[in-house]
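The chain contents come next:
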Amino acid sequence: MALKSAPHITRRRNITRALAISATALFLVTTPVATGMAQPGDSPPGGSPSQVEDPCDPTTSSTTTTVTATTTPTTTLTTTPTVTSELCAPFHENKPTTSSSAAQKTPAATVAPTTTTPSSPVSESATESSSPQQKAPVGEWAPTENPKATVIPGQMRSDREEIPEPFTKADADKAETMEARISTARLTAGCQVYWPSPYEVCGAIKDKYNSLGGPSSFLLWPTSAELTNPNSSGKRTQFLNGPIYWSVAGGAHPVVNSILNRWGVHQYEAGWLGYPTTDEIVHADGVGRRQEFQNGAIYVAFTNAISSAIKNGPIRDKWNTVGAETPGSLLGYPIGDEIALPGGQGRMVRYERGVIYWHPNTGAYPVTGAILTQWGQAGYEQSSFGYPTADQTTTPGTIAEQQFQNGRLYTPGIGLQVGTGAQALTFGFPSSVQLTPALIPRGVVFHGNGYDLTFEVLTGKAIKVGIDLLAAQAPTSFSMMLGLPPGITIQQQNGRAKIMSSGGIVAAVGVPLAFNANGQHVPVQSTISGNTMTYQFSPTQFYPVKSYTDSISEGAEEFWDLGVNERNTCEINPIDCWRASDDRAKAYEVAGAAFSAANGTEDNRLDAARHCVWQGRTTESANDGFAEDIGLAHEQDWPSATVPAGQMDLYNNKTGRAVGLRNEDNADDIDSTCIQYAHDAAIVPNPNPMNNVDKDDLVILHE
C-alpha cells in the first residue's frame, strides 16, 4: 500500500553512498531574505500579488503527522494541518497502467531541476537483517541480478546490500520478487520495478524516469504505484523528490520543489495551469528557471526563491516584448502570480522592477520607476488616473512620462535623497494635456500652455521647484505628486509637507513664494491629500508670475522652507527673496563639504561656516539690508537653544555680510573666505555681536 501523502512531500532519509552518487544531479538552493524594491512600490490595493502559503509545502508546516503504511515502517512526515485530499492529491489504491503509445516529447533545453534533500534520523527497520554477514555499501543503482521469485532467508539482495531509507527489508524483498515476476512477464507489460522500492513504474512515466537516470537521478526511488488523476485525464507516479505527471496533451514531466508548490496552490492539473508540457528549463542568465504548462508557466528566480505563475495571454506577451526575465530587461522576473483586480476585468503581474497592468479596454502596459511609485501611492488603477494606456517614454535624459486613461503623469527623473541610504523622494506632475520637457543646466523644465514647471538641483539634498505663470491662459491650480520611499510618510503643517520617517522629519516641501510682474506678492494656498500637494494661486492681472519653493532633506527641522517671520520678510521683499532663494541650500553644501558633522551641526565650525556663507551669498545675490532682515527673521522663527548660541549666530551673520560686500560678484571667494574664517574661529563662551567691529573673524562655542 502506498503512503498517503501529498505528491510533492519530500521524504527524509539518510545520506548514503547511493544518495551521494545521485547528488551529482542536484543543486543545493539557499533562500536569502527578500528585500524591499526593488520590489518596486507597495502592493496595489485590493490586488496584492502576495505569495499564498502552499498548504502542501513542508517548509510552511506547523505540525508533525505520523503516517503508517502496511509495507513500510512508521514514517514521520512534516505537513500542514490544513492539507486536503483534493489539493494535495493523495495516492489511490488503484494501479492503472499507461499506454506506451503516449510517450512524451522532451524539449532539448531541459535539465534536472534543483532539489534540496534534508537528512533524517536512521530508522531502526532500515538496519534489519536476517543474516549476520557484513552488507556491501550501495553503489550506483542497478537492477537485481537473478532476482528471487520468493523470499529465501539469507539469500536476498537485502542480505548483501545496505537498504536506503525510507525502505525496509520487507520492502526490498518484495521489490526483488516483483523484479523476478516482471522478468517472467507475470506482471504488467511495459512496467519496471526499482529495488528496493516495491512499486511499478510504467509506460511513458517509466520512459521519462529512465531518461533522467532512474533512481540515480534527482528524483531517487518511486514511492507509489502509477495513479490516475482525479479527472481521469492523466497519470502520475510519486518519487522521493517529487512526482512525474503524464497527459496526452503534454507528455510526461517531473514537477518538483517550489514550482510544484506553486502549481499545488493553483490546484495542480485541475487548476488553470493544466498539465506540464516541459521539464524545468534553465535560463541562460543562471539566475532562474521556468516550467511550461498547458495554459501558462511558473517562473522561479533563485535570488529570492519565489515562484510565480503567469498565464499565457496579453500580459505575458507584453512582458516578452520588453525582454522578459533576461539580464538588463525592463522588468526582470515575476515576483507574484498573475491576479485579478477589483472590478473583475483587469489583471496584473508584479515583477522585480515594475508591474504590467491589463484591461480589456486598454491593453497591457508596464509601469516602472518613479511613475509607478507615484501612481501606486495615489491608488493604482483605482486612482483618478485609471489604467495605463501606453508605454512609458523617457526623453530627453531621465525625464519620463506615461499616458493613463484620465491624464498623463510626468516625472523629471531627479530625486531628493532622504535618510542615509539610497532612498529618494521623487516628484511628478499630472497633466491633462501634452507638456514639452527640456533639460536645463541643473534640472528640467516642462513647458505647458502659458506656464513653466521647473525642477532644479541646488545641492545633493536640495531641489528647487518653480511654477511660473507666463500668461493669462495659464491655470491657477497645480498638483505635484510625491513618490515616497518605503517607511516614509507625509504630515501637513501650515500647508507644507513634512516628510517623516520613524525617527522624525527627514525632508520637507514648502509653499511657493510668488510675485507678479509689478513685484507684488501673489498669495498661494497649499493643500495635501494622500501623496499629492495642490497649489492654488490667487488671481492677478500682471504677468508673468514667478514662484519657487524648496524641497530639502538637510536642515529640514530648522531651515526648511520659510518660518512666519521669514515669509513676512519675503512677502515685503519678494524680488530680493527670489534672487537669494538658492543661497541657503548652497551654504549647507559648502559648509558640509569643509567640516565634519561628527560633533553635531550647531555652535561649532560647521555652524559658523554655514551662517557666514549664507549671509555672504545673500548679500551678493540681493543686498546687505535684506540679508540682515532675513537673518534676524530666521533667528526669531528658529531661536537658538541658549542665549550664547543666538549671540554666536548674530556675530557670524555680521561677518558673513561683510564678506559678501568685500567679494561682490564672486561667490567662490565668499565661500573660501568663510571656510578659512571658520577654520581659524576662536572658542568664545559668551560672544557679543557688538564687539564684531572688524568683521573679519568667526566665533564658536565648542569644537
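Residues numbered from 1 in each chain as written. Predicted model: local features only at pLDDT ≥ 70, side-chain atom pairs only at ≥ 80, totals over all residues. Heavy atoms only, no water.

## Focus on the packing of helix α11 (residues 605-621) against helix α12 (residues 624-637)
Turning to step 1, where the next piece is worked out: One way to put it is that α11 packs onto α12 with a least axis distance of 7 Å and a crossing angle of 140°. When the axis of α11 is compared with that of α12, the two are oblique. With respect to the hand of their crossing, α11 and α12 are arranged in right-handed fashion. Along the contact surface, α11 presents His611, Trp614, Gln615, Thr618 and Thr619, while α12 presents Asp624, Phe626, Ala627, Glu628, Ile630, Gly631, His634 and Glu635.
Turning to step 2, where the next piece is worked out: Taken together, the residues of the contact of α11 with α12 sort by class into four nonpolar, six polar and three charged. (Axes fitted to C-alpha atoms, helices over the stretch in contact; angles between N-to-C directions. Helix = DSSP H or I, 4+ residues; strand = E, 2+ residues; numbered from the N terminus. Parallel < 35°, antiparallel > 145°, perpendicular 65-115°, else oblique. Left-handed = near helix turned anticlockwise from the far one by under 90°. Contact = heavy atoms within 4.5 Å. Nonpolar A, V, L, I, M, F, W, Y, C, P; charged D, E, K, R; others polar.)

## Some words on unusual backbone geometry
Turning to step 1, where the next piece is worked out: A cis amide bond links glutamate 165 to the next residue, proline 166, at an omega of 10°.
Turning to step 2, where the next piece is worked out: With respect to the helices, strands and loops of the structure, proline 166 is situated in the loop between α2 (85-88) and α3 (169-183).
Turning to step 3, where the next piece is worked out: Tryptophan 195 connects to proline 196 through a cis peptide bond whose omega is 5°.
Turning to step 4, where the next piece is worked out: Topologically, proline 196 is positioned in the loop between β3 (191-193) and β4 (200-202).
Turning to step 5, where the next piece is worked out: Of note in the backbone geometry, asparagine 146 takes a positive phi value of approximately 50° without being a glycine.
Turning to step 6, where the next piece is worked out: Following the sequence through the fold, asparagine 146 ends up in the loop between α2 and α3.

## What to know about the sheet that holds strand β6 (residues 234-239)
Turning to step 1, where the next piece is worked out: On the basis of which strands lie adjacent, the open sheet formed by four strands has the order β5-β6-β7-β8 and antiparallel pairing. A single partner strand is all that each edge strand has here, and the edge strands are β5 (227-228) and β8 (251-254). (Pairing = 2+ DSSP bridges.)

## Quick look at the nonpolar core
Turning to step 1, where the next piece is worked out: Of all hydrophobic cores here, the largest spans 39 residues; its most connected members are Leu425, Phe427, Met480, Leu482, Ile499 and Val509.
Turning to step 2, where the next piece is worked out: Not counting residues within four places of it along the chain, the set of residues in contact with leucine 482 comprises Gln374, Gln377, Leu425, Thr426, Phe427, Ile490, Ala497, Ile499, Val509, Asn531 and Met533.
Turning to step 3, where the next piece is worked out: With 32 residues, the next largest nonpolar core counts Phe595, Cys612, Trp614 and Ile630 among its residues. (Core = buried A, V, L, I, M, F, W, Y, C linked by side-chain atoms within 4.5 Å. Buried < 20%, exposed > 50% of the residue type's maximum accessible area, 1.4 Å probe, protein only.)

## A closer look at the packing of aromatic side chains
Turning to step 1, where the next piece is worked out: The tally for this structure, following the rule as stated, stands at 23 aromatic pairs.
Turning to step 2, where the next piece is worked out: Taken together, the aromatic side chains of Tyr357, Trp375, Tyr380, Phe385, Tyr387 and Phe404 make up a single cluster linked through ring pairs.
Turning to step 3, where the next piece is worked out: Cation over ring: lysine 311 sits above tryptophan 272, and NZ or CZ is 4.0 Å from the ring centre. (Phe/Tyr/Trp six-rings, centres within 6.5 Å; stacked < 30°, edge-to-face > 60°. Lys NZ or Arg CZ within 6 Å of the ring centre and 35° of its normal.)

## A word on the confidence of the model for the protein
Turning to step 1, where the next piece is worked out: Looking at the protein as a whole, its pLDDT mean stands at 80, while 78% of the residues score no less than 70.
Turning to step 2, where the next piece is worked out: This stretch, residues 1-138, has a pLDDT under 50; its non-local contacts, to residues over four places away or in other chains, come to 326 contacts. (pLDDT = per-residue confidence, 0-100.)

## What to know about α12
Turning to step 1, where the next piece is worked out: Between its first and last C-alpha atoms α12 spans 20 Å; for 14 residues at 1.5 Å apiece the expected length is 20 Å, and the two agree.
Turning to step 2, where the next piece is worked out: Measuring from the backbone nitrogen of glycine 625 back to the side-chain oxygen at the start of α12 gives 3.1 Å, which picks out asparagine 623 as the cap. (Expected span 1.5 Å × (residues − 1). Polar contact = N/O pair within 3.5 Å; in protein donor to acceptor, adjacent residues only side chain to side chain.)

## Regarding the sheet that holds strand β16 (residues 363-367)
Turning to step 1, where the next piece is worked out: Strand order in the open sheet formed by four strands is β13-β14-β15-β16, with antiparallel pairing between adjacent strands. One side of each edge strand has no neighbouring strand; the edge strands of this open sheet are β13 (339-340) and β16.
Turning to step 2, where the next piece is worked out: Relative to strand β14 (residues 347-351), β13 runs antiparallel, the two sharing two bridges. For alanine 340, the partnering residue across the bridge sits in β14 and is arginine 347.
Turning to step 3, where the next piece is worked out: Against the sheet, helix α7 (residues 369-378) makes contact with β15 (354-359) and β16, and its axis sits at roughly 60° relative to β15, the strand it touches most.

## Brief notes about the pattern of salt bridges
Turning to step 1, where the next piece is worked out: Scanning the entire structure with this criterion turns up 22 salt bridges.
Turning to step 2, where the next piece is worked out: Measuring nitrogen to oxygen at the nearest pair gives 2.8 Å for the salt bridge that ties lysine 586 to glutamate 589. Here glutamate 589 and lysine 586 lie together in helix α10 (residues 583-594), a separation of three residues that amounts to about one turn.
Turning to step 3, where the next piece is worked out: The exposure class assigned to glutamate 589 is partly exposed, which follows from its relative accessible area of 31%. (Salt bridge = Lys/Arg side-chain N within 4 Å of Asp/Glu carboxyl O.)

## Looking at the pairing of strand β19 (residues 407-411)
Turning to step 1, where the next piece is worked out: With five of five residues buried, β19 lies mostly within the body of the structure.
Turning to step 2, where the next piece is worked out: The alternating pattern of β19 places Gly407, Leu409 and Thr411 and Arg408 and Tyr410 on opposite faces, both of which are buried.
Turning to step 3, where the next piece is worked out: Here strand β18 (residues 400-404) runs beside β19; their pairing, made up of five bridges, is antiparallel. Within β19, the position partnered with phenylalanine 404 by the bridge is glycine 407.
Turning to step 4, where the next piece is worked out: Hairpin connection, β18 to β19: the antiparallel pair is bridged by two residues.
Turning to step 5, where the next piece is worked out: Pairing geometry for β19 and strand β21 (residues 424-431), over three bridges, is antiparallel.

## Some words on the state of the cysteines
Turning to step 1, where the next piece is worked out: Taken as a whole, this structure holds three disulfides when the rule is applied.
Turning to step 2, where the next piece is worked out: A sulfur-sulfur separation of 1.8 Å characterises the disulfide bridge that pairs cysteine 570 with cysteine 577. Handedness here is read from the sign of the S-S torsion; for cysteine 570 and cysteine 577, about 55°, the answer is right-handed. Accessibility assignment for this pair places cysteine 570 and cysteine 577 in one class, buried.
Turning to step 3, where the next piece is worked out: The partner cysteine of cysteine 612 in its disulfide is cysteine 674, sulfur to sulfur 2.0 Å. Looking down the S-S bond of the cysteine 612 and cysteine 674 bridge, the torsion is -65°, so its handedness is left-handed. (Disulfide = S-S within 2.5 Å.)

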